[in-house]
Protein chains: 2
Amino acid sequence: MSPVIKVAAAQVGPVHLTSTKEEVLERLLILFYTAVAQGAQIVVFPELTLTTFFPRHMFPNGPELDKFFEKGDIAESSLMKPLFDAAAEKKVDFYFGYAELTSDGKHYNSSFYYSAALGKIISRYRKVHLPGTFEPFTKPDAINQLEKRYFLPGDLPFDAFRAPGLIKGAVKGGQSVDGSTIGKGDPILGQLICNDRRWPEPWRVYGLQGMELMLIGYNTTSHSPELWGSRKPMTLEEEYKEVMFHHKLVMQANSYGNSCFSVCAARAGADDGKWGMIGGSCIIDPQGHIIAEANTDDDEVVVAEIDLEDCRQGKEKIFDFDRHRRTEHYGRIVEQTGVKEPELLP
Amino acid sequence: MSPVIKVAAAQVGPVHLTSTKEEVLERLLILFYTAVAQGAQIVVFPELTLTTFFPRHMFPNGPELDKFFEKGDIAESSLMKPLFDAAAEKKVDFYFGYAELTSDGKHYNSSFYYSAALGKIISRYRKVHLPGTFEPFTKPDAINQLEKRYFLPGDLPFDAFRAPGLIKGAVKGGQSVDGSTIGKGDPILGQLICNDRRWPEPWRVYGLQGMELMLIGYNTTSHSPELWGSRKPMTLEEEYKEVMFHHKLVMQANSYGNSCFSVCAARAGADDGKWGMIGGSCIIDPQGHIIAEANTDDDEVVVAEIDLEDCRQGKEKIFDFDRHRRTEHYGRIVEQTGVKEPELLP
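If you're wondering where the values come from, they're calculated on a predicted model, not measured in any experiment.

A few points about the packing of helix α5 (residues 200-207) of chain A against helix α5 (residues 200-207) of chain B
Axis separation between α5(A) and α5(B) bottoms out at 11 Å; the angle between their running directions is 145°. Considering how the two elements wind past one another, α5(A) and α5(B) form a crossing that is left-handed. For the pair α5(A) and α5(B), the contacting residues are P200(A), E201(A) and R204(A) in the first and P200(B), E201(B) and R204(B) in the second.

Here it is, written out as structure tokens:
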């Protein structure tokens, strides 16, 4: 039998500062059931799904900030219970991004993967590549991006995982049919969050675990004066196009380079009527082609059937890591964080 | 003053098995002078520039194979002397790909960078990511790619280097004006060869040295049945489009992800009237946009003026490695060559 599964990106339109989490969850349930009605077996929600993208605002530490976070273990959240119940009942998995406040008071930009076959969260992730700044900008019209202020960098490894129950004929319990062959048995998944997708390192770390399907939620603002700075003044429309171009470029290139499918789910539209988000939720194949994408800037489900067998050609030929990679030359990638320019003349 | 330089890709059309190296060099000189006439200060030639792409043919070891190689130090080659002389006279640098046979009998797929200001080769490189197979295919109509048979993997590091004399006002001797600032002083260059460009690792190793301009020569066949294998039969026209799509995708994504310009020069057209090469020589900016590209499948010069100051925005903001990279999570990239799948259930 072919390892075919149906996946969905659940794009979420504008969420305002005044929107309650309960209101948002109602919309998420509608998206979830819409995806299920189209046969989806995995539904991917955005980053920080339950609230507006609050890192664009400056809040003092304490309750005013913490109200955007989910405290303790999200698996026990009463707010989230209707979504967990729906997933359990419909036997559908999901990826979900949220602001996590741990019981010992740490703040993370997190996501998890819920397996309906196992009836629990089977993988947790905390965003590693936090964009933006710690201090707010001083120019009054600048748009802040305070993720470095509000979150700690993720402390969990990029651990790929097998998700059981999705492919007919895979041995129950999560092991692949023949124990090793890529594209057979239970699929190997990875998860990232937003800005992580622009960095080839996390994709490669997952790729080195045979990852066949990457799941990503994101919030990406369409107004991005930092792209070119003062080098090239752009209209808002040009900025939107540029940001969307970069989004698709990194999703397509990294899916191709790791011979995997990917599903990415966006926040879209204008939060509070003015903070534009690019949307652009899409599903990409292992040759880097977009096979399904959102058509709106609002709540929308994007669905595609994918055949994981399509990962094999790349993984076994042009990107057969074992035959082609030369790790003896890659040392700088882990030995230095920032730039060290060549100092001397040759 | 602005760090502006003019760069050129010298695309080379069909070269046949019967073409002599002297014939090819005549064409290269025409390309070189054409680029110089348009103001180019750096000219990038393809991979294995002096011959047809011989790894598509099976030759026994020995003289029949070695005739495609340049023996000893190419700086001393009488064949190449007219090109070195032209570069010295016109004060123009160049990148050049060739088959190298060292004095101790080792075969590499190599390139070098000649600095006119210093009057010598200042950087040498040997292709690290060799595609293809060691054994020829057994199917009579298969197209071989025997680079793993004919070449050793490169043993030189991905060392970025400063090229002096290109930017007015940069202090003579190759150091930048203020000793450190990216985009000022002499530009920081990197070189790769063909298939290397599909791997984010070498780009990142150069990026971690502040590289502002990547130079790449390549031979890429337009007939590529291995792309999808038997999964998706394609016409020759579809294969050509797919191969070109992947070429541009990796060039654009890696230039964006490392905030650098890049120049890539192809072999193009049909060698021996039947072995199609994609061409597609182009120049790309640090936001990943193609700013100039070849229009033909033949000998052609592609020229663009680039302002290295355009690298700074990316290097100092979204891809400020020092602030954003988290090397503690990247270990697998150097610790394992091939794939290790997750074995156990979560």
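Description of the relation of the copies chain B and chain A
With an axial shift of 0.0 Å and an RMSD of 0.0 Å, the rotation relating chain B to chain A amounts to 180°. The superposition operator between the copies reduces to a two-fold rotation axis. The fraction of interface residues of chain B whose copies in chain A are also interface residues reaches 100%, indicating that both copies meet through the same surface.

Considering the nonpolar core
Ranked by size, the top nonpolar core spans 120 residues in total, and within it I42(A), L213(A), I42(B) and L213(B) carry the most contacts. Residues within four places of L213(B) in sequence aside, it is in contact with I5(B), V7(B), I42(B), I188(B), L189(B), G190(B), C260(B), F261(B), S262(B), V263(B) and I306(B).

Examining the pattern of salt bridges
Throughout the structure, instances matching the rule amount to 38 salt bridges over all chains. Put simply, E201(A) and R204(B) hold a salt bridge, and the shortest N to O gap is 2.6 Å. One end of the pair, E201(A), is in helix α5; the other, R204(B), is in helix α5, on a second chain. Just as E201(A) is buried, R204(B) falls in that class too. Among the ionic pairs, R326(B) bridges to E328(B), the shortest N-O distance being 3.1 Å. Residues joined in a network through salt bridges with shared partners are E47(A), K127(A) and E147(A).

Here's the deal with empty space enclosed by the protein
A water-sized probe rolled over the atoms picks out the places where empty space is left. Inspection of the entire model under this criterion finds two cavities of 30 Å³ or more. Counted as a void, the largest cavity has a volume near 200 Å³. Every residue lining the largest cavity is counted, 17 residues in all, and those nearest its centre are P200(A), A253(A), N254(A), A253(B) and N254(B). Contributions of two or more residues to the lining of the largest cavity are made by α6 (236-257) of chain A together with α5 and α6 (236-257) of chain B. Sorting elements by how many residues they give to the lining of the largest cavity places α6(B) first, with five residues.

Description of the interface of chain B and chain A
The partner chain A presents 86 residues to the 86 residues of chain B that form the contact. A buried area of about 8,000 Å², summed over both sides, lies between chain B and chain A, and 59% of it is on carbon and sulfur atoms. Area buried by chain B at its contact with chain A is led by W199(B), H329(B) and T337(B), which between them contribute 8% of it. The tally of links from chain B across to chain A stands at six salt bridges. For R325(B), the salt bridge is made with E201(A), and the minimal N-O distance between the two is 3.0 Å. Between chain B and chain A we count 36 residue pairs in polar contact (both at pLDDT 80 or more) in total. The set of elements that each furnish at least two residues to the side of chain B that touches chain A consists of β7 (161-162), α5, α6, α8 (321-324) and α9 (332-335) of chain B. Per element, the largest residue contribution to the side of chain B that touches chain A is eight residues, and it comes from α6(B). The residue makeup of the side of chain B that touches chain A, split by class, is 36 nonpolar, 27 polar and 23 charged.

Section: helix α1 (residues 21-37) of chain B
Residues and elements named next belong to chain B. Over its 17 residues, α1 runs 24 Å from end to end, which matches the ideal 24 Å to within 8%, given 1.5 Å per residue. What α1 keeps buried is the set K21, V24, L25, L28, L29, L31, F32, A35 and V36. The buried residues of α1 occupy an angular sector of 165° when the element is viewed end-on, so they sit on one face. Of the residues in α1, the exposed ones pointing more than 90 degrees away from the buried face are E26, I30 and A37. On its buried side, α1 packs onto β1 (4-11), β2 (42-44), β3 (70-71), α3 (81-90), β4 (93-101) and β15 (300-307). Note on α1: the residue one or two positions beyond its end, G39, has a positive phi of about 90°.

About the cut-offs
Residues numbered from 1 in each chain as written. Chains lettered and ligands numbered in written order. Predicted model: local features only at pLDDT ≥ 70, side-chain atom pairs only at ≥ 80, totals over all residues. Heavy atoms only, no water. Axes fitted to C-alpha atoms, helices over the stretch in contact; angles between N-to-C directions. Helix = DSSP H or I, 4+ residues; strand = E, 2+ residues; numbered from the N terminus. Left-handed = near helix turned anticlockwise from the far one by under 90°. Contact = heavy atoms within 4.5 Å. Least-squares fit on C-alpha atoms with pLDDT ≥ 70 in both. Core = buried A, V, L, I, M, F, W, Y, C linked by side-chain atoms within 4.5 Å. Buried < 20%, exposed > 50% of the residue type's maximum accessible area, 1.4 Å probe, protein only. Salt bridge = Lys/Arg side-chain N within 4 Å of Asp/Glu carboxyl O. 1 Å grid on protein atoms, 1.4 Å probe; cavity = no way out; pocket = protein on both sides within 12 Å on 5 of 7 lines; lining within 4 Å. Points joined across faces, edges and corners; volume = space filled by probe spheres on them. Buried area = accessible area lost by both parts, 1.4 Å probe. Polar contact = N/O pair within 3.5 Å; in protein donor to acceptor, adjacent residues only side chain to side chain. Nonpolar A, V, L, I, M, F, W, Y, C, P; charged D, E, K, R; others polar. Expected span 1.5 Å × (residues − 1). Arc of directions from axis to C-beta.

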